[in-house]
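Spelled out, the chains give:
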Amino acid sequence: MTQTLRVCCGIGCVANGALELVDAFEKACESLDVEVRPEVKKTGCNGLCERGPMVSVLPDGPTYYQVKLRDVDAVVESLATGEPVERLLYPAADDFYRGQHKIALRNCGIIDPSSIREYEVRGGYAALEKALSMTPDEVISEVEKSGIRGRGGAGFPTGRKWRTCAEQADTTRYMLCNGDEGDPGAFMDESIMEGDPHSLIEGLVIGAYAIGAHQGYLYIRNEYGAARAQVDKAIVDARAKGYLGHDIMGSGFDFDCKIVRGGGAFVCGESTALISSIEGKVGEPRPKYVRSVEKGLYDKPTVLNNVETLATIPYIIVVGGDAFARIGTPRSTGTKVFSMVGKVEHTGLVEVPMGITLRELIFDIGGGIKDGRAFKAVQTGGPSGGCLPTSKLDAAVDYDTLKEHGTIMGSGGMIVMDDRSCMVDVARYYVNFLCEESCGQCTPCREGLRQMRAILTDICEGRGREGDIELLDQIGETVEDASLCALGKTAPNPVRSTIRYFRDEYEEHIHDHRCRAGVCHALTRFEIDPERCTGCGACEKGCPTHAISGERKEPHVIDADACIVCGSCRNACRFDAIRVAGGEAS
Amino acid sequence: MSGVQQAQAPEMQQKIDEIIARYDHDPSHALAAMQDMQDEFRYVPREGLSALSRYFGRPIGQLYALTTFYKALSLVPKGRHIVKICAGTTCHIRGGQNIADGITRELGIRPGDTDADGLFSFEEVHCVGACALAPVVIVDDELYGHVTLEKLPGILGSYRDDDVCDGVPTGEVAS
């Protein structure tokens, strides 16, 4: 069998030079004097972005990490000898992949996403063939049995959504895919669109068949240019092969779809706003007295599913709903993709069975906290979610348990924070984000968030007052109760959850004018611990305002007047000598 | 100031017509056509709004509302190079704000602004999905990971030297 070098071309690896690697490998392989030359292929995201660019040798060779241009010759030479290049191996990757169960990501990082053939070889479009041999009702029953809930955030049962739409009297129906991934810190939808676009198209066509839709739209975020190009190619190829268009696979069923490019508005992740945006209007949500499954796009019955949900559908059809339901927990079946990011050792994309604990996810798969620092909190659910502290590390990751603890599953962003993350600053960050993204049509969200931002900014800048915490909580409650759409209803979550679990940090900011994490500039003064400082000069070199001085090999000092508290010195110091004055995290 | 605009006007009108001709008269294409204009001119010109209004039979006010609602659209020309700071959560907790402050110090503009000679626009984007490389700065289509304040002048400086006019009006604010 021909040897293949598969170079991960996920966004993280590309930024680290994966495309240049592909060129170099192609050149090196071309010049080989052998009968069968190894092939070089580009794949989508492998997940372990922290250690990119990754190169896998198939069929049975090793995977190399952090491959540089200078390693290309060694890797190509090793193909003939069969001896792996030891220095490019990363044994800890086994821990990262061992606990995972890949369904939505089953082809990501393995196939060349631009090749419909490679998708077919991996069993692609077999689910569509099977679905078309079933009645639409049988397809819906299978999805209902699987228990799959929407992976976009709200967790509504997908089968029930399809059933309601299929039961509508109006026979002009639409099937939509939400690829407007708005959670700032989640990139699984982007990775699926880039790394395995056909799984999404196949899921979309199966959904359309089930609900009786003949036209579909994929709403893809404006920033995701590469993902859009892959999906666009996949649509063209699928159409040419008869998986889209007229009389799909000879079944008599017609369906086609189009890409709509998002306009860059977080609120368009909300179903009614997204529909409005597809209609070419301002993306403002409307009240849901009448649901989109009854009157959605152009007032016709409409199903809107998330990318990850749709990519999972073909798997469900192939293995059957019951088999899928045995994975995960009874009320949260199957697997979920998380983008585990922040201060964690193995930043990247992971797919795990529902019900796994946060501890297993962060410490076993994620490899623990970066640089051996202390875990402080994990944020799930993006701007609509909340932060959980150390005491909740053994909580199960499923829709219901997370909700019980004051956060949500959301689309799968999982931001890990260490003792150098300030929880008040994180709360302000999310409120500021939502303030800008609020569409502004209803008062509680527009004005409430603005007031919350003002109070949080005061606290972070040393103007916090007695009673601010209570006031924040009270405004938050009103915003939650009185807002129209999910953006507003969940907006106070980051604030209220941090107050619930990290109230002492708020109080420290207000009463002691101190930010223990060293993040809030007005409340932080850095100093150098003379006991620990070795006088290496790394801090001095990186200081943008030249505020640090000292003799070589002698303890350095920071000039507090020149210091802008940017923290460059703290990041540069390898001896943990830069401290927040008054003591760091307790 | 308007001299530049006028000199370009016939050419611009022709491009506007070309863009609109890609779409049928269904007003749901208005957003897409405006995004094409944004790509072409680095803003949505007044002439473009008027042409769309005639073509789709929609009041110009409605189209104007789209341009102010969607972040992807701008009513004033963007700079020749777009500097984006990722303001995603990961970049934020890995010190993105300090980098943003650094860009402001370097370029003398805040997020959302374009500098006086139309060379740089500075924007905030919410997560580009390269969280493993946080904090991230994107200039045009080039992504820079693990950015530090120390590296910043070098990154931005390389675009200053490459100061070649590419034939699109720059720095002139439509009035």
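What this report covers is the structure whose coordinates are included nearby. (Residues numbered from 1 in each chain as written. Chains lettered and ligands numbered in written order. Predicted model: local features only at pLDDT ≥ 70, side-chain atom pairs only at ≥ 80, totals over all residues. Heavy atoms only, no water.)

## A short note on the nonpolar core
All names here are of chain A. Counting 130 residues, the largest nonpolar core has Phe25, Trp162, Met175, Phe255, Leu361 and Ile362 as its most contacted members. Looking at this core element by element, the count peaks at nine residues for helix H10 (residues 197-211). Ignoring any residue separated from it by four or fewer positions in sequence, one finds Phe255 in contact with Met175, Leu204, Val205, Ala208, Ala213, His214, Gln215, Gly216, Leu244, Gly245 and Ile248. By size, the runner-up hydrophobic cluster in this structure holds 67 residues, among which are Leu304, Val424, Cys460 and Val479. (Core = buried A, V, L, I, M, F, W, Y, C linked by side-chain atoms within 4.5 Å. Buried < 20%, exposed > 50% of the residue type's maximum accessible area, 1.4 Å probe, protein only. Helix = DSSP H or I, 4+ residues; strand = E, 2+ residues; numbered from the N terminus. Contact = heavy atoms within 4.5 Å.)

## Considerations on the packing of aromatic side chains
Centre distance and the angle of the planes are the two values used to describe a pair of aromatic rings. Residues and elements named next belong to chain A. With the rule as written, the count across this model stands at 13 aromatic pairs over all chains. An aromatic cluster of three or more residues is present, and its members are Tyr119, Tyr125 and Tyr243. Its guanidinium or amino end placed over the ring of Phe338, Lys336 lies 5.7 Å from that ring's centre, counting from NZ or CZ. (Phe/Tyr/Trp six-rings, centres within 6.5 Å; stacked < 30°, edge-to-face > 60°. Lys NZ or Arg CZ within 6 Å of the ring centre and 35° of its normal.)

## What about unusual backbone geometry?
Where the residue is not glycine, phi is negative for most of them; where a peptide bond is considered, it is trans in most cases. With an omega of -5 degrees, the peptide bond running from Gly52 of chain A to Pro53 of chain A counts as cis. Here Pro53 of chain A lies in the loop between strand S2 (39-43) and strand S3 (55-58). Ala134 of chain B connects to Pro135 of chain B through a cis peptide bond whose omega is -5 degrees. Of note in the backbone geometry, Cys127 of chain B takes a positive phi value of approximately 65 degrees without being a glycine.

## What to know about the interface of chain A and chain B
Residue-level contacts link 57 residues of chain A with 37 residues of chain B. Between chain A and chain B the total buried area reaches about 3500 Å² when both faces are included, carbon and sulfur atoms providing 56% of it. Between chain A and chain B we count three salt bridges in total. Residues Glu150 of chain B and Lys541 of chain A are paired through a salt bridge, measuring 3.4 Å at the closest nitrogen-oxygen approach. On inspection of chain A and its partner chain B, the count reaches 23 residue pairs in polar contact (both at pLDDT 80 or more). Sorting the residues of the side of chain A that touches chain B by element identifies helix H1 (11-15), strand S7 (256-261), helix H12 (271-278), strand S9 (335-342), strand S13 (413-418), helix H17 (423-437) and helix H22 (538-542) of chain A as the ones contributing at least two each. It is H17 of chain A that provides the largest number of residues to the side of chain A that touches chain B, a total of seven residues. Class assignment for the residues of the side of chain A that touches chain B results in 26 nonpolar, 16 polar and 15 charged. (Buried area = accessible area lost by both parts, 1.4 Å probe. Salt bridge = Lys/Arg side-chain N within 4 Å of Asp/Glu carboxyl O. Polar contact = N/O pair within 3.5 Å; in protein donor to acceptor, adjacent residues only side chain to side chain. Nonpolar A, V, L, I, M, F, W, Y, C, P; charged D, E, K, R; others polar.)

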